[in-house]
Amino acid sequence: MSRIAHSYGVAPSPDAPLLGRRGSSLAGRLQDAFHFPALNTSVAEARRRVLARLQEWGIDEMACDDAQLVVSELFTNAVRHTDSDKVSCQLRISGAALRIEVTDQGHTPTEPRVRCSGADEESGRGLLLVGALSQAWGVRPDDSGRGRVVWADLPHRCAP
């Protein structure tokens, strides 16, 4: 179930995104969290969920596009490179920053890292793309200590 919060507490109503707005600016902090099975088909579902939520919050089109790409790359990595049953995602707006966190359950011996891929390789550029689209990104252990959280901070504006 989705949770949307602003600085005054959790607002469980489906109209909660509207409660955090004053005019065209976001007041407080907006947040959403969800998870899907660790399947390739979940990547597209996660992208759609992110787009719908950011549009509800009135986030500009460029930030929506960038967030979809970042979520797609991070979800894909979690599905392909871990032994997770599910992959979780959290979106959080604070000021002019959109924080995206993707959490896996599986533990792999290496941390996600940017790598150089040959021109004819089909994969290996995801974190390079995440780095290009975000102000900052990183990796930390999840709360259980088994999985990881890969996060990225993206700039955004409220749509006019």
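The notes below deal with the structure included here. (Residues numbered from 1 in each chain as written. Predicted model: local features only at pLDDT ≥ 70, side-chain atom pairs only at ≥ 80, totals over all residues. Heavy atoms only, no water.)

Within the secondary structure, Glu101 sits in strand 7 (residues 97-103). At 3.4 Å, the side chain of Glu101 forms a polar contact with the side chain of Arg99. If we skip the residues at most four places from it in the chain, Glu101 touches Ser88, Cys89, Gln90, Arg92, Arg140, Val149, Val150 and Trp151. (Helix = DSSP H or I, 4+ residues; strand = E, 2+ residues; numbered from the N terminus. Polar contact = N/O pair within 3.5 Å; in protein donor to acceptor, adjacent residues only side chain to side chain. Contact = heavy atoms within 4.5 Å.)

Our focus in this paragraph is the pattern of salt bridges. Following the criterion strictly, the structure yields seven salt bridges and no others. Here Asp153 and Arg99 are joined by a salt bridge, their closest N and O atoms 2.4 Å apart. Of this pair, Asp153 sits in strand 9 (residues 148-155) while Arg99 sits in strand 7, placing them 54 residues apart in sequence. Overall, Asp153 belongs to the buried group, its relative accessible area being 14%. Salt bridges here are not isolated pairs; linked through shared partners, they connect Arg92, Arg99, Glu101, Arg140 and Asp153. (Salt bridge = Lys/Arg side-chain N within 4 Å of Asp/Glu carboxyl O. Buried < 20%, exposed > 50% of the residue type's maximum accessible area, 1.4 Å probe, protein only.)

On to the packing of helix 3 (residues 61-81) against helix 4 (residues 126-133), then. At a closest axis distance of 9 Å, the pairing of helix 3 and helix 4 adopts a crossing angle of 150 degrees. By the angle between their axes, helix 3 is roughly antiparallel relative to helix 4. Handedness of the helix 3/helix 4 crossing: left-handed. Listed contacts from helix 4 to Asp66, Leu69, Val70, Glu73, Leu74 and Asn77 of helix 3 are Gly126, Leu127, Leu129, Val130 and Leu133. Here the residues of the contact of helix 3 with helix 4 are counted per class, giving seven nonpolar, two polar and two charged. (Axes fitted to C-alpha atoms, helices over the stretch in contact; angles between N-to-C directions. Parallel < 35°, antiparallel > 145°, perpendicular 65-115°, else oblique. Left-handed = near helix turned anticlockwise from the far one by under 90°. Nonpolar A, V, L, I, M, F, W, Y, C, P; charged D, E, K, R; others polar.)

Turning next to the side chain of Asp60. On the secondary structure map, Asp60 appears in the loop between helix 2 (41-56) and helix 3. Here Asp60 is buried and forms no salt bridge, its nearest opposite-charge partner Arg157 lying at an N-O distance of 4.4 Å. Within the structure, Asp60 has its side chain in polar contact with the backbone nitrogen of Ala63 (distance 3.1 Å). (Lys, Arg positive; Asp, Glu negative; His and termini not counted.)

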